[in-house]
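Coordinate analysis (summary)
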Amino acid sequence: MIITSTGGRVAGARPFLVGMFADALGSGLYVPLTLLFIHQVTGLPLTTVGLGVTAAAVVGLAANPAAGALIDRFGARRVLMATYLLRAAGFAAYPFVDGFAALVAVAAVVATGDRAYYPASGSYVAVLARGADRDKLYTLMATARNVAFGLGGLLSAGAVSLAGGAGFTLIAALNAASFLVATGCLVVSGRRAPAPATPREPRGYRAVFADRPFVALVAAEQAFTLAHMILPVALPVYAVTVLGAPVWLTGVLYTLNTVLVAAGQLAVRRRQRAARRTHAMALAGAILVAACALYAATALLPPGAPRAGGLLMATLVLTLGELMHTTPSWALAAATAPTALRGRYLAIHQQTWAVAAVVAPGGYAALLDAEPSLLWIALAALLVPACLALLRLARRLPPDAVAAPGT
């Protein structure tokens, strides 16, 4: 169990976090090499793999709303276990894929599990803890996942270096096993966790979309999720093709971000205890706007070390904004949702990430190709109204959801 800052215990939290760690460790083995991993394991051409993964991602878009309805009906823990089992089956099946149709089918199973995981895990945290303990558990979850993901990346490089092509098959097997371990941890967690309330289900998604303050919160969140796509999607293209930075620098910046996010979650959360969640998110948005300005200004610096320094500074500011946004965002959405519809509420909230994953690659590339500064202007133009909307929503969302989490 997790000892809380108030001296109490969050029943079922420790096995849940162990499962999170195992899941992220396995995912870290393949995510940095996704397309190459699938290409090596299946033997299919990279172009075929790219098309198959894209098609599967489109299928996965429907997983969030479906998961929300299932969570409200069967409970978050059961759906979370299903997401683990789906992905375990998918990775176990990858070595047997021998054509495009089979690739799409298996990748769609994995994508469905991936997308459904987020509303299910967020909903289960809301079952396990309340108030400040909930914020702390979200923070611990983010920390555990980032640490494990980084370790998984290192293990992935070692497996490929030592085992060559066979290392990719080993990665598939280890990732499938990690999801089975996570499932077992949830079995243990469920024995210790409080029984979830099972109120009568109201009007489903109609009730969610009728909640205008929550819809406004989701619209604001979309700006933030697009900003979170800067580092994995926009920065490599911007740094290398626009600024002429070496490719290795983007890897260093990505690793630095991962390490700081893992190390800084708890420290940032402690400093946000006295801040209303809406205001904490608005401040995070202002910092992300500053990061966009710094990225844009880096193009004005001389090539070489000055531009590398500019990219480093902008990435550090971006990382701070990400750290300040994550926990308040999760906690605010979970606290806003009525218990009977929490799965659906968090599914819609998490759909912003699915939309960002679809929009960002093509949209960012088009803006950078037309005029690089347009990307940073567009992101700032989305973030500024999102921050202002959050300040206004402080008066429209449930008071206990907005209130500072305290200790």
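This text follows the structure it describes.
First things first, this report covers the structure right here in the doc. All values derive from a computational prediction rather than experimental measurement. All residue numbers refer to position in the chain's written sequence, counted from 1. Since the coordinates come from a predicted model, pLDDT governs what is reported: local features require at least 70, and pairs of side-chain atoms require 80 or more to be given and counted, while whole-chain, interface and lining totals use all residues. For the side-chain quantities, the full set of heavy atoms in the structure was used; hydrogens and water were omitted.

**Notes on the overall build of the chain**
- Note on conventions: DSSP H or I runs of at least 4 residues are helices, E runs of at least 2 residues are strands, and numbering of each starts at the N terminus. Assigned secondary structure in the chain consists of 17 helices and two strands.
- Within these notes, the globule rule equals 2.2 Å times the number of residues to the 0.38 power, and the radius of gyration is based on C-alpha atoms. For 407 residues, the compact-globule estimate of 2.2 N^0.38 gives 22 Å, and the chain sits close to it at 21 Å.
- With respect to the principal axes defined by its C-alpha atoms, the chain has extents near 55 × 50 × 40 Å.
- Residue burial is assigned from relative accessible area. The probe radius is 1.4 Å, only protein chains are included, and a residue is buried under 20% of its type maximum, exposed over 50%, and partly exposed in between. Counting the 407 residues in the chain, one finds 52% classified as buried.
- Looking at the chain alone, contacts between residues at least 24 apart form 83% of all its contacts between residues at least 6 apart.
- Calculation of accessible area relied on Shrake-Rupley with a 1.4 Å probe; when residues are assessed, cover is drawn exclusively from the protein chains displayed. Split by element, the accessible area of the chain, about 16,900 Å² in all, is 69% carbon and sulfur.
- Here the chain holds 29 positive side-chain charges and 13 negative ones, and the gap between their average locations is 11 Å. Note on contacts: a residue pair qualifies if any of its non-hydrogen atoms lie within 4.5 Å across the two residues. The charge count treats Lys and Arg as positive and Asp and Glu as negative. His and the chain ends do not count. By convention, the charge on Lys lies at NZ, on Arg at CZ, on Asp at CG and on Glu at CD.

**Structural notes on the pattern of salt bridges**
- Definition used for salt bridges: Asp or Glu carboxyl oxygen within 4 Å of a side-chain nitrogen of Lys or Arg. One pass over the structure, following the stated rule, counts four salt bridges.
- Its salt-bridge partner being Arg145, residue Asp23 comes within 2.8 Å of it at the nearest N-O pair. Here Asp23 is found in helix α1 (residues 13-30), whereas its partner Arg145 is found in helix α7 (residues 131-163), with 122 residues between them in sequence.
- A salt bridge links Arg87 to Asp114, with the nearest nitrogen and oxygen atoms 3.2 Å apart. Taken together, the residues Arg87 in helix α5 (residues 76-93) and Asp114 in helix α6 (residues 100-128) connect sequence positions 27 residues apart.
- You can call Arg87 buried: its relative accessible area is 2%.
- On the accessibility criterion, Asp114 (22% relative accessible area) is partly exposed.

**Overview of the side chain of Arg307**
- In this fold, Arg307 is placed in helix α14 (residues 305-336).
- Despite its burial, Arg307 pairs with no opposite charge; the closest candidate is Glu371, at 11 Å N-O.
- A distance of 3.0 Å separates a polar side-chain atom of Arg307 from the backbone oxygen of Leu243.
- Polar contact is the term for a pair of N or O atoms within 3.5 Å; when the atoms are in protein, one must be able to donate a hydrogen and the other to accept it, and sequence-neighboring residues count only if both atoms are side-chain atoms. A polar contact of 2.8 Å, which involves the side chain of Arg307, links it to the backbone oxygen of Leu301.
- Not counting residues within four places of it along the chain, the set of residues in contact with Arg307 comprises Val242, Leu243, Thr298, Ala299, Leu301 and Pro302.

**Looking at helix α15 (residues 342-370)**
- Helix length check: α15, at 29 residues, gives a terminal C-alpha distance of 41 Å against a target of 42 Å (1.5 Å per residue), a fit within 8%.
- The largest bend along α15 measures about 40° and falls at Ala360, with the proline Pro361 one to four residues further on. Expected helix span is computed as 1.5 Å times (number of residues minus one). By definition, a residue's bend is the angle between the axes fitted to the seven residues ending there and the seven starting there.

**Notes on the environment of Gly75**
- Assignment of secondary structure puts Gly75 in the loop between α4 (63-74) and α5.
- The class for Gly75 is buried, based on a relative accessible area of 18%.
- A sequence separation of 49 residues divides Gly75 from Tyr124, and the C-alpha atoms of the two residues are 8.2 Å apart.

**Some points on the packing of α1 against α6**
- Axis definition: a line fit to C-alpha positions, over the contact stretch in the case of helices; interaxial angles, taken between N-to-C directions, run 0 to 180 degrees. Where α1 contacts α6, the axes come no closer than 12 Å and their chain directions differ by 155°. When the interaxial angle is binned, α1 and α6 end up roughly antiparallel. Where α1 crosses over α6, the handedness of that crossing is left-handed. Residues Ala13, Phe16, Met20, Asp23 and Tyr30 of α1 touch α6, and the partners they reach there are Val110, Asp114, Tyr117, Ser121, Tyr124, Val125 and Leu128.
- Under the scheme applied, nonpolar residues are Ala, Val, Leu, Ile, Met, Phe, Trp, Tyr, Cys and Pro; charged residues are Asp, Glu, Lys and Arg; polar residues are all the others, including Gly. Partitioning the contact of α1 with α6 into residue classes produces nine nonpolar, one polar and two charged. With respect to orientation, any angle under 35 degrees is reported as roughly parallel, any angle over 145 as roughly antiparallel, any angle of 65 to 115 as roughly perpendicular, and every other angle as oblique. By the definition used in this description, the sense in which the near helix is turned from the far one sets the handedness, with an anticlockwise turn below a right angle giving left-handed and a clockwise turn giving right-handed.

**Re a nonpolar patch on the surface**
- A contiguous nonpolar surface patch, about 370 Å² in accessible area, is contributed by Leu260, Leu294, Leu312, Met313 and Leu316.
- Top element by residues in the nonpolar patch is α14. It accounts for three residues.
- Summarising the element assignment, Met313 is placed in helix α14.
- The class for Met313 is partly exposed, based on a relative accessible area of 47%. Exposure above 30% relative accessible area and no salt bridge define the residues that can form patches, which grow by joining like charges within 9 Å and nonpolar side chains of Val, Leu, Ile, Met, Phe, Trp and Tyr within 5 Å.

**Brief notes about the side chain of Ser121**
- Looking at the element boundaries, Ser121 is found in helix α6.
- Within the structure, Ser121 has its side chain in polar contact with the backbone oxygen of Tyr118 (distance 3.1 Å).
- Residue contacts for Ser121: discarding those within four places in its chain leaves Phe16, Met20, Leu80 and Met141.

**Brief notes about empty space enclosed by the protein**
- Cavities and pockets were defined on a 1 Å grid built from protein atoms only: a cavity is a group of points that admits a 1.4 Å probe but offers it no way out, a pocket is an open group of points flanked by protein on both sides within 12 Å along at least five of seven lines, and a lining residue is one with an atom within 4 Å of any such point. Grid points are joined across faces, edges and corners, and a volume is the space filled by probe spheres set on the points. One pass over the structure, following the stated rule, counts two cavities of 30 Å³ or more.
- Considering only enclosed or pocket space, the largest cavity measures out at about 60 Å³ in volume.
- Around the largest cavity sit Asp135, Arg269, Gln272, Ala275, Arg277, Ala280, Thr327, Pro328 and Pro405, which together line it.
- Contributing elements (two or more residues each) for the lining of the largest cavity: α13 (277-298) and α14.
- Tallied by class, the residues present in the lining of the largest cavity amount to four nonpolar, two polar and three charged.

**Let's talk about the packing of α14 against α15**
- Between α14 and α15, the shortest axis-to-axis distance is 9 Å and the interhelical angle comes to 145°. Both α14 and α15 take part in a crossing whose hand is right-handed. Of the residues in α15, those touching α14 at Ser329, Trp330, Ala333, Ala334 and Thr336 are Arg342, Tyr345, Leu346, His349 and Gln350.
- Residue composition of the contact of α14 with α15, by class: five nonpolar, four polar and one charged.

**Observations concerning the packing of aromatic side chains**
- Side-chain rings of Phe, Tyr and Trp, where Trp is taken by its six-membered ring, are said to pair if the distance between their centres is within 6.5 Å; with planes under 30 degrees apart they count as stacked, over 60 as edge-to-face, and otherwise as tilted. By the definition in use, this model includes 11 aromatic pairs.
- Note on Phe16 and Tyr124: the rings are 5.4 Å apart at their centroids and 70° apart in plane angle, and the pair reads as edge-to-face. Of this pair, Phe16 sits in helix α1 while Tyr124 sits in helix α6; the two residues are 108 residues apart in sequence, bridging distant segments of the chain. Of the two residues examined, Phe16 and Tyr124, each falls in the buried class.
- Measuring from centroid to centroid gives 5.4 Å for Tyr138 and Trp330, while their planes differ by 25°, and the two rings are stacked. Of this pair, Tyr138 sits in helix α7 while Trp330 sits in helix α14, and the two are 192 residues apart along the sequence.

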